[in-house]
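Breakdown of the fold
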Amino acid sequence: MALKKYLPRPLKVVHCGSTNKAREAFEYWRLQDTLDNMIVMTVGAKVSDAELHLSIEKKQELDLLHLSKIEEADLVRILNVEGYIGERTQRELEYAQRLGKMILFLEPLNNEPRI
């Protein structure tokens, strides 16, 4: 515990992407970012909303929770497998951009380098 005060604060990263198309990417980057000493904030479920039978109100509540994760993050990792960015991910991306967050994409987007 005494050593902790001498270490830099770890970066916080949030993962955004389609839970259907990017399942493997979420798992890979959760582990990779953890091993890179980052605090990882990611999706809470590995299945789609339809499979969870969530109400519209609960979906909205969880969407707002994910936006809060973006607010807390130092880095936003967009897991756009095969270049796919769905409606929710697009909204999260735009929110992160408005907040001036550092954003990394899995696949090139608008000439962004691949990570």
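Residues numbered from 1 in each chain as written. Predicted model: local features only at pLDDT ≥ 70, side-chain atom pairs only at ≥ 80, totals over all residues. Heavy atoms only, no water.

Moving on: the sheet that holds strand 3 (residues 75-79). What the four strands build is an open sheet, ordered 2-1-3-4; its pairing is parallel. Looking at which strands have only one partner, the edges of the open sheet turn out to be strand 2 (39-41) and strand 4 (102-105). Going from strand to strand, the sheet's axes swing by 25° on average, the running direction of each strand aside. Across the face of the sheet, helix 3 (residues 56-72) comes into contact with strand 1 (12-17), strand 2 and strand 3 while running at roughly 140° to strand 1. (Pairing = 2+ DSSP bridges. Helix = DSSP H or I, 4+ residues; strand = E, 2+ residues; numbered from the N terminus. Axes fitted to C-alpha atoms, helices over the stretch in contact; angles between N-to-C directions. Contact = heavy atoms within 4.5 Å.)

With that settled, consider helix 1 (residues 23-35). Its 13 residues give helix 1 an end-to-end C-alpha distance of 19 Å, which sits within 8% of 18 Å, the value for a rise of 1.5 Å per residue. The set of residues buried in helix 1 consists of Ala25, Phe26, Trp29 and Asp33. Mapping the buried residues of helix 1 onto a view down its axis gives an arc of 100°, with all of them on the same face. Opposite its buried face, helix 1 presents the exposed residues Glu24 and Leu35, each directed more than 90 degrees away. On its buried side, helix 1 packs onto strand 1, strand 2 and strand 3. Looking at the residues trailing helix 1, positive phi occurs at asparagine 37, about 65°. (Expected span 1.5 Å × (residues − 1). Buried < 20%, exposed > 50% of the residue type's maximum accessible area, 1.4 Å probe, protein only. Arc of directions from axis to C-beta.)

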